[in-house]
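A look at the structure
So the chains spell out like this:
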Amino acid sequence: MSKVVDIRKFRVTRDERTHRPGECAHRHIKLDRHGGIVTCGNCGAALSAFWALEMLSEQYASALANIARLDQRLTQANDLIAALSAALDDRQTIQKSTLMSDVPTLD
Ligand SMILES: [Zn+2]
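Quick look at the structure, then.

Rules used throughout
- Residues numbered from 1 in each chain as written.
- Predicted model: local features only at pLDDT ≥ 70, side-chain atom pairs only at ≥ 80, totals over all residues.
- Heavy atoms only, no water.
- Helix = DSSP H or I, 4+ residues; strand = E, 2+ residues; numbered from the N terminus.
- Areas by Shrake-Rupley, 256 points an atom, 1.4 Å probe, with all protein chains shown as cover.
- Pairing = 2+ DSSP bridges.
- Donors = N, O, S within 2.8 Å, 3.2 Å for Na, K, Ca; no water.
- Tetrahedral: all angles 85-135°; square planar, octahedral: opposite > 155°, others 65-115°.
- Patch = residues over 30% accessible without salt bridge, like charges linked within 9 Å, V, L, I, M, F, W, Y side chains within 5 Å.
- Salt bridge = Lys/Arg side-chain N within 4 Å of Asp/Glu carboxyl O.
- Buried < 20%, exposed > 50% of the residue type's maximum accessible area, 1.4 Å probe, protein only.
- Contact = heavy atoms within 4.5 Å.

A tally of regular secondary structure across the protein chain gives one helix and three strands. Helices and strands in the protein chain line up, N terminus first, as β-β-β-α. Just so you have it, the protein chain exposes about 10,000 Å², and 58% of that area is on carbon and sulfur atoms.

Right, let's get into the pairing of strand β1 (residues 29–32). Inspection of the sheet shows β1 paired to strand β2 (residues 37–40) by four bridges, in the antiparallel sense. If you follow Lys-30 over to β2, its bridge partner there is Thr-39. Hairpin connection, β1 to β2: the antiparallel pair is bridged by four residues, and Gly-36 has positive phi, about 65°.

A few words now on the coordination of the zinc ion. Geometrically, a metal with four donors at the corners of a regular tetrahedron has ideal angles of 109.5 degrees, and one with six donors at the corners of a regular octahedron has ideal angles of 90 or 180 degrees. Every protein donor of the zinc ion is listed here as Cys-24 (SG), His-26 (ND1), Cys-40 (SG) and Cys-43 (SG), and their distances to the metal cover 2.2 to 2.4 Å. Around the zinc ion sit four donor atoms; with metal-centred angles ranging over 96 to 120°, the donor geometry is tetrahedral.

This part covers a nonpolar patch on the surface. On the surface, Tyr-60, Leu-64 and Ile-67 cluster together into a nonpolar patch covering about 330 Å² of accessible area. Mapping Tyr-60 onto the fold places it in helix α1 (residues 49–102). Under the relative-accessibility criterion, Tyr-60 is labelled exposed at 55%.

Turning next to the sheet that holds β1. Read from one edge to the other, the open sheet built from three strands follows the order β1-β2-β3, with strand pairing classed as antiparallel. Two strands lie at the open edges of the sheet, namely β1 and β3 (46–47), each paired on one side alone.

Moving on, we get to the side chain of His-26. For His-26, the position within the fold is in the segment before β1. Here His-26 is in contact with Cys-40, Cys-43, Ala-45, Leu-47, Trp-51 and Met-55, once residues within four sequence places are set aside.

Attention now goes to the pairing of β2. Judged by which residues are buried, β2 turns out to be one-sided: Val-38 and Cys-40 face inward and are buried, whereas Ile-37 and Thr-39, on the alternate face, are not. Of the strand pairs in this sheet, β2 and β3 are connected by two bridges, and their pairing is antiparallel. Bridge assignment links Val-38 to a residue of β3, and that residue is Leu-47. Remark: five residues form the turn of the hairpin made by β2 and β3, two consecutive strands paired antiparallel; Gly-44 in that turn has positive phi of roughly 85°.

Next up, the structure:
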């Protein structure tokens, strides 16, 4: 047995977790297809598949609600643009008729 420890047998792995367990909302889910294991990519916590599915369904519902709000605002913006455009057309029509009435006629 050698007294010298071969340095090549050591392995240093840096902990690159961006969050610590307990401080993390687990929004970066990692799926291991081979073992059917769900973990958090940020803190490394093991997550249950049910918890992950529930969190994803909540996020999906939140995204759908956000889309509905944005769609409603888009409809309101389009209605406002149509109203402003109609008002501008009316104003230009009035200005043209006013200018035409100011033109001297050759009587
Ligand atoms: Zn986490």
